[in-house]
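Spelled out, the chains give:
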Amino acid sequence: MTSPNYSIVELSPADIEIHLAALTSVLVDSVLDGAAISFMTTVTEAQAHSFWRDNVRSSVESGDRRLFGAIVEDRLVGTVQLIVGMPPNQPHRAEISKMIVHPDSRRLGLGKALMTAALEAAARADKTLVTLDTRTGDVSEALYRSVGFEQAGIIPDYAYDPDGQAQHATTYMYRYL
């Protein structure tokens, strides 16, 4: 398969509104495809809209969160969030959150490009440690390892799978910059 022409961009609060339909599609379709990103398969478009508009947008506006998007043919098909607003005793740390690529756009290098953009932004923000968590055994673990993350530990029965049928373990990972 040929890699698409794409760009990785940082999304402003206004961009969230511009790309709201695509952001919603990426989130809902990924959860329906089994992605473990805190939502259940019962997620509605209204809930996804609220997540992007209310939670993410306000955090981007405050500067506590940076949102990056993968754009292919003028359509947003993936995102990753970098949480930079940390507690006072952790100014050196950032956290990766909601690394999501639409099911139709996976395995094209977009996840790695999004992660690279987030890690570069963390370095520019003088962060020296980046952390994340992911469903143990998920394909995303290999992606995170490929960009330098190491396993810190595993917590069993951490969360339910999106269909609510089983609990899964979560792997915590870290990377020094």
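Since the model is a prediction, treat every value here as computed from it, not as a measurement.

Draft legend 1. Spotlight on the overall build of the protein. Looking only at helices and strands, one finds five helices and seven strands in the protein. Relative to the 2.2 N^0.38 estimate, which gives 16 Å for 177 residues, the radius of gyration of the protein is 15 Å and therefore close to what a compact globule would have. Its C-alpha atoms give the protein principal-axis dimensions of about 35 × 35 × 35 Å. By the burial criterion, 47% of the 177 residues in the protein qualify as buried. Of the contacts made within the protein by residues no fewer than 6 positions apart, 61% connect residues no fewer than 24 positions apart. Approximately 9,000 Å² of the protein is accessible, and the part contributed by carbon and sulfur atoms is 48%. Seen as two clouds, the 15 positive and the 22 negative side-chain charges of the protein have centres 5 Å apart.

Draft legend 2. Representation of the side chain of Thr79 within the structure. When you line up the elements, Thr79 lands in strand E3 (residues 75-83). According to the relative accessible area criterion, Thr79 is buried, its value standing at 0%. Every residue in contact with Thr79, bar those within four places of it in the chain, is listed here: Leu23, Trp52, Leu67, Phe68, Gly69, Lys98, Met99, Ile100 and Leu114.

Draft legend 3. Molecular detail of the environment of Arg106. As for its position among the elements, Arg106 is in the loop between strand E4 (93-101) and helix H4 (110-124). For Arg106, a relative accessible area of 30% gives the class partly exposed. Considering only alpha carbons, one finds Arg106 and Gly78, 28 residues apart in sequence, at a separation of 9.0 Å. Apart from the residues within four sequence positions on either side, Arg106 is in contact with Ser30, Asp33, Ala35 and Val101.

Draft legend 4. A look at the pattern of salt bridges. Evaluated as defined, the whole model comprises nine salt bridges. A salt bridge links Arg106 to Asp33, with the nearest nitrogen and oxygen atoms 2.7 Å apart. Here the residue Arg106 occupies a position in the loop between E4 and H4, and Asp33 occupies one in the loop between helix H2 (20-32) and helix H3 (45-62), the gap between them amounting to 73 residues. For Glu141, the salt bridge is made with Arg145, and the minimal N-O distance between the two is 3.0 Å. Here the residue Glu141 and the residue Arg145 both occupy positions in helix H5 (residues 139-146), the gap between them amounting to four residues, near one helical turn. Salt bridges linked by common partners bring Glu17, Arg53, Arg57 and Glu61 together as one network.

Draft legend 5. Examining the packing of aromatic side chains more closely. Summed over all chains, the structure comprises five aromatic pairs. Arranged with centres 5.0 Å apart and planes meeting at 70°, the rings of Phe51 and Trp52 form a pair that is edge-to-face. For Phe51, a relative accessible area of 10% puts it in the buried group. Residue classification places Trp52 among the buried positions, given a relative accessible area of 0%. Taking 6.2 Å as the distance between ring centres and 65° as the angle between the ring planes, the aromatic pair formed by Tyr144 and Phe149 counts as edge-to-face. Accessibility classification places Tyr144 together with Phe149 in one group, the buried group. One aromatic cluster is present, built from ring pairs that chain together Phe39, Phe51 and Trp52.

Basis of the calculations
- Residues numbered from 1 in each chain as written.
- Predicted model: local features only at pLDDT ≥ 70, side-chain atom pairs only at ≥ 80, totals over all residues.
- Heavy atoms only, no water.
- Helix = DSSP H or I, 4+ residues; strand = E, 2+ residues; numbered from the N terminus.
- Rg over C-alpha atoms; globule rule 2.2 N^0.38 Å.
- Buried < 20%, exposed > 50% of the residue type's maximum accessible area, 1.4 Å probe, protein only.
- Contact = heavy atoms within 4.5 Å.
- Areas by Shrake-Rupley, 256 points an atom, 1.4 Å probe, with all protein chains shown as cover.
- Lys, Arg positive; Asp, Glu negative; His and termini not counted.
- Charge placed at Lys NZ, Arg CZ, Asp CG, Glu CD.
- Salt bridge = Lys/Arg side-chain N within 4 Å of Asp/Glu carboxyl O.
- Phe/Tyr/Trp six-rings, centres within 6.5 Å; stacked < 30°, edge-to-face > 60°.

Geometric values such as these leave the question of function open.
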